[in-house]
Amino acid sequence: RYFWYQWDAAWDKDYLPDMTEFIVTEEGDMIEVGNRYTSQSEETFIPYAYKMGTVLQFHTVEEIWDCFQNGVANIETGIEGMWSLGETGRLAFDVGDYTGNAVCEFQFDGLFGSPKRLIVRCGGQTLYNADIVSAAESVDFLIPEECIRDGVITLELEFPNATSPKTLGIGESISKRAFHFTSICLREA
């Protein structure tokens, strides 16, 4: 088990800040379990709860954890959105009792080199596999109803040609990046 908290000046120093509980998988991924501990009580919530049609725009760490289980870097101060990190990522959306096909839309405002390949899978089924040549391109793909398992849509992302600033000769970081995500939306098909 792992506990996450946001460190800032807002919390009362007489108590620990609110902490959210995660499990760590064998692969090292952190998955929310639905428990938050505060100075007053323990709260239970539905991890990755998502209402169809909601546009998730990435302005804060909390918005990232609304759907990303891994595969993204921290939000940089003063910059909206966040970079993919590494060559894989995972998204989860708890859509409750929604049934039927869905459409997923990704918006970007940057590519780290071009073109960049994006592969999206769900339950072993490839839903999207293409090269993106411009951040202005919107990525839309169909999510079949059978991808909803126990009310949750889990999308596995691959960024096979992610590159690092060091590889491109523009910095010393060896962290691989591909896409700068600004928003994600799932809607009824």
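Just so it is clear, the model here is predicted, and its values are computed rather than measured.

A.B. asks: In this structure, what is going on with the state of the cysteines? I would like to understand it.
C.D. replies: Note: disulfide means a covalent bond formed between the sulfur atoms of two cysteine side chains. Per the counting criterion, the structure on display carries zero disulfides. The thiol of Cys-122 is not disulfide-bonded; the next cysteine sulfur, from Cys-147, is found 3.1 Å away. On the accessibility criterion, Cys-122 (3% relative accessible area) is buried. A relative accessible area of 4% means that Cys-147 is categorised as buried.

A.B. asks: Could you clarify how one ought to interpret the pattern of salt bridges in this entry?
C.D. replies: One side chain can pair with another of opposite charge once the charged atoms of both are near each other. Taken as a whole and assessed by the stated rule, the structure comprises eight salt bridges. A salt bridge links Arg-90 to Glu-156, with the nearest nitrogen and oxygen atoms 2.8 Å apart. A residue pair is termed long-range when its members are at least 10 positions apart, and Arg-90 in strand E8 (residues 88–94) and Glu-156 in strand E14 (residues 152–158) qualify at 66 residues. A residue is classified by how much of its surface remains accessible, and Arg-90, at 16% relative accessible area, is buried. The exposure class assigned to Glu-156 is partly exposed, which follows from its relative accessible area of 33%. Of the charged contacts, one joins Arg-187 and Asp-140 as a salt bridge, the two residues approaching to 3.5 Å between their closest N and O atoms. Within this pair, whereas Arg-187 is found in strand E15 (residues 179–188), its partner Asp-140 is found in strand E12 (residues 139–143), the two being separated by 47 residues in sequence. The class for Arg-187 is partly exposed, based on a relative accessible area of 32%. When salt bridges with common partners are traced through the structure, they connect Glu-105, Asp-140 and Arg-187 into a single cluster.

A.B. asks: What am I meant to see in the environment of Ser-138 here?
C.D. replies: Tracing the sequence through the fold places Ser-138 in the loop between strand E11 (125–132) and E12. Assessed through its relative accessible area of 33%, Ser-138 is described here as partly exposed. Taking the C-alpha atoms as reference points, Ser-138 and Phe-106, separated by 32 residues in sequence, lie 6.2 Å from one another. Aside from chain neighbours lying at most four places away, what touches Ser-138 is Glu-105, Phe-106 and Gln-107. At 3.1 Å, the side chain of Ser-138 and the side chain of Gln-107 are in polar contact.

A.B. asks: What should I look at first to understand the packing of aromatic side chains in this one?
C.D. replies: Here a ring pair, both rings aromatic, is described through the centre-centre distance and the interplanar angle of the planes. Inspection of every chain in the model, using the stated rule, returns eleven aromatic pairs. With a centroid separation of 5.2 Å and an interplanar angle of 70°, the aromatic rings of Tyr-50 and Phe-93 are classed as edge-to-face. Remark: Phe-93 occurs in strand E8 and Tyr-50 occurs in the loop between strand E4 (42–44) and strand E5 (55–57); sequence separation between them is 43 residues. By the burial criterion, Tyr-50 is buried, and Phe-93 matches it. Seen in terms of ring centroids, Phe-106 and Phe-141 are 5.6 Å apart; in terms of plane orientation they differ by 75°. Their pairing is edge-to-face. Linking Phe-106 in strand E9 (residues 102–111) with Phe-141 in strand E12, this pair joins segments that are 35 residues apart in sequence. Every member of this aromatic cluster is reached through a ring pair, and the members are Phe-106, Phe-108, Tyr-128, Phe-141, Phe-159, Phe-179 and Phe-181. Sitting over the ring of Phe-112, Arg-177 keeps its end group 5.8 Å from the ring centre.

A.B. asks: Please clarify how the nonpolar core should be interpreted in this entry.
C.D. replies: Side chains of nonpolar character tend, in soluble globular proteins, to be buried together. Among the nonpolar cores identified, the biggest contains 40 residues, and Phe-93, Phe-106, Leu-155, Phe-181 and Ile-184 are the most heavily contacted of them. Elements with a minimum of two residues in this core: E8, E9, strand E10 (116–122), E11, E12, E14 and E15.

About the thresholds
Residues numbered from 1 in each chain as written. Predicted model: local features only at pLDDT ≥ 70, side-chain atom pairs only at ≥ 80, totals over all residues. Heavy atoms only, no water. Disulfide = S-S within 2.5 Å. Buried < 20%, exposed > 50% of the residue type's maximum accessible area, 1.4 Å probe, protein only. Salt bridge = Lys/Arg side-chain N within 4 Å of Asp/Glu carboxyl O. Helix = DSSP H or I, 4+ residues; strand = E, 2+ residues; numbered from the N terminus. Contact = heavy atoms within 4.5 Å. Polar contact = N/O pair within 3.5 Å; in protein donor to acceptor, adjacent residues only side chain to side chain. Phe/Tyr/Trp six-rings, centres within 6.5 Å; stacked < 30°, edge-to-face > 60°. Lys NZ or Arg CZ within 6 Å of the ring centre and 35° of its normal. Core = buried A, V, L, I, M, F, W, Y, C linked by side-chain atoms within 4.5 Å.

Purely geometric numbers; function is a separate question.
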